[in-house]
Amino acid sequence: MVPTDSTLLMLRLLLRLEKNDISITPLSKEDPQIRTFNDLMSHTEDIKGDPKRTEQFVKMCVALQQFVGDQLKVPTTELLEIFGKMIINSFSICSGEMQPIGAGVYLSPSILDHSCCPNATTVFDGNKLYVRAVEDIGDISEVRVSYIDQLATTSERKQQLMEQYYFTCNCVMCRDKQRDQKLSSLRCPTTGCDGVVSQNHDGVQHTCLVCGKDTFSEEYLSKCSSSSADAEQILKKIAEAKKEKDFKMVLELSGHCLSEVSDHLHPMHILMIRLHDSAFDACIELQKWDLALVYASKTTEAYREFYAAYHPNLGIHLMKIGKMQQYLKQIEPALKNLQQAEDILHVSHGKSHSLCQDLKILLKQCEEELRIQQGRT
Ligand SMILES: [Zn+2]
Ligand SMILES: [Zn+2]
């Protein structure tokens, strides 16, 4: 049996707590506040009242027992305390490309509050975590990071924050009804119009933002709602196929569903974004670069709309597109995307981050290839 990231993290924590070896680094020179693992909130009562979390805890205890056996001398109540502190305060350690590769508890940044529209971002270089400002921030007490992916509707984000961190967010984005309306954009049925039909939050009033059409047939509206119900179902199947690493199935499911629903759902619709992203990821796994590029380009507009200007995911998205374009010898657009990626990643990751170093090399190669191409003509 392979231990999960959180079981491994728990084992490491138990070992270090036993040796009293939890190192603490203040967040910055201006913030000398020293925190120890014992200072963290454990939310044990919330966990006890949460069947999913309780099950997770029980499973972890069983796994720990299997790995450590009788050497595990910590009483269950204490284990639950440690477990609570760990899951609420742990960061998913990501590669430079923001793919999760492990988990860790970082005491200093765990002091930072959440906002769905944060002014700072957390990035890893190896297992070192950096908190980087993406906006001008007056005082360290104003630093906000996002605990979750912001590419989700308000109700999804609120649910995730409550389930994982036991609080209700009321940030600017959580009060932004327009953003949620955009995330449920429909495609205008007028021939020749590719406009977005936005719907208000209870789905009653619809208007095309391009041609101004504001009356829609019952048939169109019912097809729109059945399309989103279908897409939701298929995304569940896609999640299963992803777990099985069956990327052929992921591509088949997402490709087929997209062809069924794209007459009614606009690419800005959250379910369309997820379908395109799934198809893109599957293409990368299957090394279908041409098709990957098609799917990636479908989400760029949505990424720009729904992520902040210096969000790492936007930078990484543009870098991936640029990389594929370079591979497919589309050098001019590659250069443009890589330059835009660089502008973002210099802020979100920092110039010295290994990802920015890789990007620098890619840019140099592209410039060189462009010179050769232009020399030929
Ligand atoms: Zn929020
Ligand atoms: Zn229209």
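Bear in mind the structure is a predicted one, so any value in this text is a computation, not a measurement.

A.B. asks: Is there a simple way to think about the confidence of the model for the chain in this case?
C.D. replies: Low-pLDDT portions of the prediction should not be read for the details of their coordinates. This prediction gives the chain a mean pLDDT of 88; 93% of its residues lie at or above 70. Looking at the elements of the chain, mean pLDDT is at its lowest for strand β2 (residues 100-105), recorded as 74, and at its highest for helix α8 (residues 247-261), recorded as 98.

A.B. asks: Mind showing me how you'd approach the coordination of the zinc ion (ligand 2) here?
C.D. replies: As a benchmark, a tetrahedral metal site with four donors has ideal angles of 109.5 degrees, while an octahedral site with six donors has ideal angles of 90 or 180 degrees. At this site the zinc ion (ligand 2) is bound by C188 (SG), C193 (SG), C208 (SG) and C211 (SG), with donor distances of 2.2 to 2.4 Å. Note that the zinc ion (ligand 2) binds four donor atoms; their angles at the metal cover 105 to 116°, and the shape is tetrahedral. Positions of the donor residues of the zinc ion (ligand 2) along the chain correspond to the pattern C-x4-C-x14-C-x2-C. Within this pair, whereas C193 is found in the loop between β7 (186-187) and β8 (196-199), its partner C211 is found in the loop between β9 (206-208) and α7 (218-243), the two being separated by 18 residues in sequence. According to the relative accessible area criterion, C193 is buried, its value standing at 13%. Classification of C211 as partly exposed rests on a relative accessible area of 39%.

A.B. asks: Which parts of the structure should I look at to understand the coordination of the zinc ion (ligand 1)?
C.D. replies: Distances from the zinc ion (ligand 1) to its protein donors, C116 (SG), C169 (SG), C171 (SG) and C174 (SG), fall within 2.3 to 2.4 Å. Coordination at the zinc ion (ligand 1) comes from four donor atoms whose angles at the metal span 105 to 115°, giving a geometry best classed as tetrahedral. Along the chain, the residues that donate to the zinc ion (ligand 1) are spaced as C-x52-C-x1-C-x2-C. Separated by 55 residues along the polypeptide, C116 in the loop between β3 (113-114) and β4 (120-125) and C171 in the loop between α5 (154-165) and α6 (177-182) bring together distant segments of the chain.

A.B. asks: Looking at this model, I keep getting lost on the sheet that holds β9. Mind explaining?
C.D. replies: One key point about sheets: their strands pair by backbone hydrogen bonds, in either a parallel or an antiparallel sense. Sheet architecture is open: three strands sit in the order β7-β8-β9, paired in antiparallel fashion. With partners counted over all chains shown, the strands left at the sheet margins are β7 and β9, one partner each. Taken together, the three bridges between β8 and β9 define a ladder with antiparallel strand orientation. Within the sheet, the bridge partner assigned to S198 lies in β9 and is T207.

Criteria and thresholds
Residues numbered from 1 in each chain as written. Chains lettered and ligands numbered in written order. Predicted model: local features only at pLDDT ≥ 70, side-chain atom pairs only at ≥ 80, totals over all residues. Heavy atoms only, no water. pLDDT = per-residue confidence, 0-100. Helix = DSSP H or I, 4+ residues; strand = E, 2+ residues; numbered from the N terminus. Donors = N, O, S within 2.8 Å, 3.2 Å for Na, K, Ca; no water. Tetrahedral: all angles 85-135°; square planar, octahedral: opposite > 155°, others 65-115°. Buried < 20%, exposed > 50% of the residue type's maximum accessible area, 1.4 Å probe, protein only. Pairing = 2+ DSSP bridges.

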